[in-house]
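Listed below, chain by chain, are the residues.
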Amino acid sequence: LNEAKMAVEGTDEDPEPVVMKLSWIDLAALAQLTYWYDRRDRGAEYQNPEGNGGDQKEERLTEAKYGRWTRKLNREKVIYGTVALRYRSRAHLGQKVFRRPAGVDVTRLKTLRRAAAMCGHASLIELVEETMDKLQLKNVAKLTWEEVKRHTSKDDLWLLIDNKVYDVTPFLGLHPGGGQLIVDVAGKDATSAFELTHGEGLRYSLKLLNQFFIGVCVDSAGQAEPAEPQAATPEFLATLRSITDALHTFDEAKASGEAQGILR
């Protein structure tokens, strides 16, 4: 800008520095609002025509012209692209398990609520507050191990990790290590396996868990066979719980991994 000003004024003297004065912008709120707007459920076009919120399979959209991943995407984009996948609710014993609304990052709910309030988006505020209410521990779906262990197919796969249940079905085709690794630990307690199989990607992968949360298993202790014989380490459990427990207290720094130094 300074060089342009010198050229216009036809002088070689350094002009007064140009200072751009911008009004304050809540970039974090803007990012969440933009993300939701881009990924939101657009209503009727995404509804199950049978109206039962049930098992209809979704087509996974891709911009690739000649195949699923012909475009070059770095690892982080592939993994975090899963956050944009839409979920359909599946009834369970008269209640629905928790499903993250399309376009909503459940680790950033307070920020999204703030963004909605800033622009007066009443329906989005209602959606966020309803989501937060469902995520309170007293309100989340309570699942039995008998129910959890039924979901072991590639079309319907739940994981048990530290007594919490995650529907990772949409993630199977995106898992960097291949979907079979996940299938192999379905129907078992995958807590220690999650730690052992991720290696250097462990801390990176922990950030994803909250996005797939659907409920808690109330009776897995003593019933769920461990996927690996060795127990998870105390260090891993401490980090895992600091992230997954924060989902229910809406502590964004912890739920997103930022407080643990694993957000990048």
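Heads up: these notes are all about the structure in this document. (Residues numbered from 1 in each chain as written. Predicted model: local features only at pLDDT ≥ 70, side-chain atom pairs only at ≥ 80, totals over all residues. Heavy atoms only, no water.)

Right, let's talk about the pairing of strand S7 (residues 213-217) for a bit. Across the five residues of S7, five count as buried, placing the element largely inside the fold. Judged from the three bridges that link them, strand S6 (residues 164-167) and S7 form a sheet pairing that is antiparallel. Counterpart to Lys 164 in the pairing with S7 is Val 216. (Buried < 20%, exposed > 50% of the residue type's maximum accessible area, 1.4 Å probe, protein only. Helix = DSSP H or I, 4+ residues; strand = E, 2+ residues; numbered from the N terminus. Pairing = 2+ DSSP bridges.)

What follows deals with the packing of helix H2 (residues 27-39) against helix H4 (residues 109-118). Viewed as axis vectors pointing N to C, H2 and H4 meet at an angle of 90°, and their least axial separation amounts to 8 Å. Taken as axis vectors, H2 and H4 run roughly perpendicular relative to one another. Only Thr 111, Leu 112, Arg 114, Ala 115 and Met 118 of H4 make contact with H2, whose side of the interface consists of Ala 28, Ala 29, Gln 32, Leu 33 and Trp 36. Residue composition of the contact of H2 with H4, grouped by class: seven nonpolar, two polar and one charged. (Axes fitted to C-alpha atoms, helices over the stretch in contact; angles between N-to-C directions. Parallel < 35°, antiparallel > 145°, perpendicular 65-115°, else oblique. Contact = heavy atoms within 4.5 Å. Nonpolar A, V, L, I, M, F, W, Y, C, P; charged D, E, K, R; others polar.)

All right, on to the packing of aromatic side chains then. Applying the stated criterion across every chain, the model contains four aromatic pairs. Between Phe 171 and Phe 212, the ring centres sit 5.7 Å apart and the planes meet at 40°, which makes this aromatic pair tilted. Pair noted here: Phe 171 is in the loop between S6 and helix H7 (179-185) and Phe 212 is in the loop between helix H9 (202-206) and S7, with a separation of 41 residues, a long-range link. Overall, Phe 212 belongs to the buried group, its relative accessible area being 3%. One aromatic cluster is present, built from ring pairs that chain together Phe 98, Tyr 166 and Phe 213. Seen from the ring of Tyr 37, Arg 40 lies directly overhead, with NZ or CZ sitting 4.0 Å from the centre. (Phe/Tyr/Trp six-rings, centres within 6.5 Å; stacked < 30°, edge-to-face > 60°. Lys NZ or Arg CZ within 6 Å of the ring centre and 35° of its normal.)

A few words on the nonpolar core. Leu 135, Leu 157, Leu 159, Ile 161, Val 168 and Phe 213 are the most contacted members of the largest nonpolar core, which totals 44 residues. Ignoring sequence-local partners within four residues, the contact set of Val 168 consists of Leu 157, Leu 159, Ile 182 and Phe 212. Counting residues in hydrophobic clusters, the runner-up holds eleven residues, among them Val 148, Leu 160, Val 165 and Ile 214. (Core = buried A, V, L, I, M, F, W, Y, C linked by side-chain atoms within 4.5 Å.)

Assignment of secondary structure puts Lys 142 in strand S3 (residues 142-143). The class of Lys 142 is partly exposed, set by a relative accessible area of 35%. Between the C-alpha atoms of Lys 142 and Val 218, which are 76 residues apart in sequence, the distance is 6.2 Å. At 3.1 Å, the side chain of Lys 142 forms a polar contact with the backbone oxygen of Leu 137. Within polar-contact distance, the side chain of Lys 142 engages the backbone oxygen of Val 140 at 2.9 Å. (Polar contact = N/O pair within 3.5 Å; in protein donor to acceptor, adjacent residues only side chain to side chain.)

All told, the structure shown has nine salt bridges when counted by the stated rule. Between Asp 26 and Arg 114 there is a salt bridge whose closest N-O contact spans 2.6 Å. Placement of Asp 26 in the loop between helix H1 (2-9) and H2 and of Arg 114 in helix H4 is noted, with a sequence separation of 88 residues between them. Ionic pairing is found between Glu 258 and Arg 108, a salt bridge with its closest N-O pair at 3.7 Å. Note that Glu 258 is positioned in the segment after helix H11 (252-255) and Arg 108 in the loop between strand S2 (95-96) and H4, a separation of 150 residues in sequence. (Salt bridge = Lys/Arg side-chain N within 4 Å of Asp/Glu carboxyl O.)

Further remarks concern H4. Of the positions making up H4, those classed as buried are Leu 109, Thr 111, Leu 112, Ala 115 and Ala 116. The buried side chains of H4 occupy one side of the element, clustering within an arc of 160° when seen end-on. Next to the buried residues of H4 lie H2, helix H5 (122-135) and H11. In the segment just after H4, Gly 120 is the residue with positive phi, at about 65°. (Arc of directions from axis to C-beta.)

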